[in-house]
Amino acid sequence: MVNFADLSVAYFSMEIGMNPDIPTYSGGLGILAGDTLRSCADLKLPVVGVTLLYKKGYFKQELDADGNQVEHEMNWDPSAFLHPMPQQAEIMLEGRRVMIKAWVYNLMGSTGRIVPIIFLDTDLPGNSDYDRRITQYLYGFDEKYRLAQEIILGIGGVKMLESIGCCNIQKHHMNEGHSAILALELYKRYSQADEPIEEVRKRCVFTTHTPVPAGHDQFPRELAEHMLGENILPDIREELYINNKLNMTYLGLRFSKFINGVAKKHGEVSRNMFPGYHIESITNGVHSYYWICESFQKLFDKYLPGWEYDPFSLRYVLGIPKEEIWSAHQKAKQQLIGWVNKHYKADMKEEIFTIGFARRVATYKRGDLLFSDIKWLMKIAEKFKGIQIIYAGKAHPKDTAGKELLKRIISKMQEVSHKIKVCYVKNYDIATAKLLVSGVDLWLNTPQRPQEASGTSGMKAAHNGVLHFSVLDGWWLEGHIENITGWSIGAHPNDSKENVPEEDAEDMYTKLEYIIIPRFYEERDKWVEMMKHAIAINGSFFNTHRMVQQYVLNAYFK
Ligand SMILES: *Cc1c(COP(=O)(O)O)cnc(C)c1O
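Residues numbered from 1 in each chain as written. Predicted model: local features only at pLDDT ≥ 70, side-chain atom pairs only at ≥ 80, totals over all residues. Heavy atoms only, no water.

## Digging into empty space enclosed by the protein
Evaluation of the coordinates by the stated rule reveals three cavities of 30 Å³ or more. There is about 60 Å³ of room inside the largest cavity. Looking at the largest cavity, the residues that line it are F357, R359, R360, V361, A362, K365, G367, Y391, A392, L405, I409 and Y424. Listed by contribution, the elements that provide at least two residues to the lining of the largest cavity are β16 (387-392) and α14 (400-416). Classifying every residue of the lining of the largest cavity gives eight nonpolar, one polar and three charged. (1 Å grid on protein atoms, 1.4 Å probe; cavity = no way out; pocket = protein on both sides within 12 Å on 5 of 7 lines; lining within 4 Å. Points joined across faces, edges and corners; volume = space filled by probe spheres on them. Helix = DSSP H or I, 4+ residues; strand = E, 2+ residues; numbered from the N terminus. Nonpolar A, V, L, I, M, F, W, Y, C, P; charged D, E, K, R; others polar.)

## With respect to the side chain of K56
Considering the arrangement of structural elements, one finds K56 in the loop between β2 (47-52) and β3 (60-63). Of the residues examined, K56 reaches a relative accessible area of 17% and is grouped as buried. A polar atom in the side chain of K56 sits 3.5 Å from the side chain of E73. Contacts of K56, omitting those with residues within four sequence positions, involve E73, M74, N75, W76, Q136 and Y137. (Buried < 20%, exposed > 50% of the residue type's maximum accessible area, 1.4 Å probe, protein only. Polar contact = N/O pair within 3.5 Å; in protein donor to acceptor, adjacent residues only side chain to side chain. Contact = heavy atoms within 4.5 Å.)

## Describing the state of the cysteines
Within this structure, the stated rule accounts for zero disulfides. Of all cysteine sulfurs in the structure, the one in C167 sits closest to C166, which takes part in no disulfide; the separation is 7.5 Å. (Disulfide = S-S within 2.5 Å.)

## Description of the pattern of salt bridges
Summed over the entire model, instances satisfying the criterion amount to 41 salt bridges. Residue R254 is joined to E239 by a salt bridge in which the shortest nitrogen-to-oxygen separation is 2.2 Å. Taken together, the residues span a long stretch of sequence, with R254 in helix α8 (residues 248-255) and E239 in the loop between α7 (234-237) and β11 (241-242) at a distance of 15 residues. Of the residues examined, R254 reaches a relative accessible area of 30% and is grouped as partly exposed. Note that E324 is salt-bridged to K302, the shortest N-O span being 2.9 Å. Highlighted residues: E324 in helix α12 (residues 322-344) and K302 in helix α11 (residues 294-303), separated in sequence by 22 residues. Judged by relative accessible area, K302 falls into the exposed class, the value being 54%. One salt-bridge network, held together by shared partners, links K55, K101, D121, D123 and R132. (Salt bridge = Lys/Arg side-chain N within 4 Å of Asp/Glu carboxyl O.)

## Re the site of the ligand
R359, A433, T456, S457 and K460 are the nearest of the 14 residues found near the ligand. At 2.9 Å, a backbone N or O of T456 approaches an oxygen atom of the ligand. In the complex, the protein chains occlude 93% of the 390 Å² of accessible area that the ligand would expose alone. Among the elements of the structure, α1 (28-42), α15 (430-439) and α16 (457-463) are those that each provide at least two residues to the shell around the ligand. (Near = heavy atom within 4 Å. Areas by Shrake-Rupley, 256 points an atom, 1.4 Å probe, with all protein chains shown as cover.)

## So, the pairing of strand β7 (residues 114-121)
Across the eight residues of β7, eight count as buried, placing the element largely inside the fold. Here β7 shows two buried faces, one formed by I114, P116, I118 and L120 and the other by V115, I117, F119 and D121. Strand direction decides the pairing type here: β2 and β7, joined by four bridges, are parallel. Residue pairing in the sheet places V50 in a bridge with I118 of β7. The pairing of strand β6 (residues 96-108) with β7 spans eight bridges and is antiparallel. Counted as the bridge partner of A102 is L120 from β7. (Pairing = 2+ DSSP bridges.)

Coordinates in, geometry out; function isn't part of it.
Below you can see the structure in the form of structure tokens.
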């Protein structure tokens, strides 16, 4: 068991995804949180996670025949996975008392060490109906609801940690600005100190995750004052607002001593966005063991014993015989193809070159770039033995442009379906992601630069020897070596300021036709050599073990 008094780092995240059966995440941010905590457990670090319960999850995605997204509630039973805790915490919200209870999930690492994750829950009989629903939906309803959630997470989180006996927390890591209100609660603890803000800053670490403005929460001052009330001490009241808004990113920046972006380029972009702050970068990773499929796990067990404790040893994959790499990949591919044929009657074949694309359907990710010239795409499919395409991804329920994009993608898929086997896998989640990132041959990524802060699905693909074909943005600027770990799409950001969609599309089709697909079908040896390099060079680095060690050295224990 864990002794809460020994824990010194509290990791706060609006979403944490670490188990396919616990739907308290929407995508990249939550899965990063889950992978991070899993590595913390493996590395036996004194860390506790804090998040909200979301009894109705994010949403379950269905698609109708026209590609309209239909959203369903996800009901799940917390008591099947989490343990209720006897302690409660109490906060003031909108002038009312709100009681909070906690559930704990014991995330066990490879060495048996547990990192507890605290899920805050306001569904208690003494609370008003509104308050009971605060921890029901991830990213649901209006801005007031969202602010209420962030107050529960920030203030409720700090209080709950004290209540359950985590009384030695030295660092509060805000995984994105959603939890930045915790700084206001810490400020209360040190308001009598000589330099109260410095005291808070010493205890806070802030990671910013997106250069997209919509990703930075801000609330009107009036709403913030109304909701927070006396949680804001008078002496800092005047300096919290920028343009009359309570901006969570500024809160994180102002109250944290260590601040970072999630890739080198993103650090640079963030420094330009927020001048005057010292912003470093720690490039994201994924949990190697969690994301490597079974056939590769077995292969690495044979050649790299102990690799599950030490993902850096993936660099020795270069010595594994090519036939065995290929056969491990074919097994993963068989699983995926069998699965899409069974569930979607996709009629796909294991020998055919397969492209995967799965991410949140947001316009800047340009999921329709692959279909921007379907004549060219179909011509390529005919020239070789064929192409298969598998897509997945949810649009945020309020993102109408994203939903239009989703419809457009599905209609383009239907247009090419007489020449190319296609499948849109619905309800993208951890379970389907595992199948996809290991089972396709090529992982495609086409964001508008410089909006991809990091991206992590390409790292999952690389761990499984699935080659990455992407715009040079986020982590790919660090992981890309042309023709060795994968391929780029379009210009390098140092050479051109903007990426022009037409140029990117032309580069994409040209490389598919003249380099990538010929190599897959006609130079299999070279292809497998690249797979080995993707694992050795990128799997051994873009993992959360390396990332967490950087947080430990640069941010947590400093
Ligand atoms: C990894 C993952 C993501 C994030 O992928 P990006 O490449 O960062 O967009 C989103 N959803 C699921 C289910 C994932 O597994």
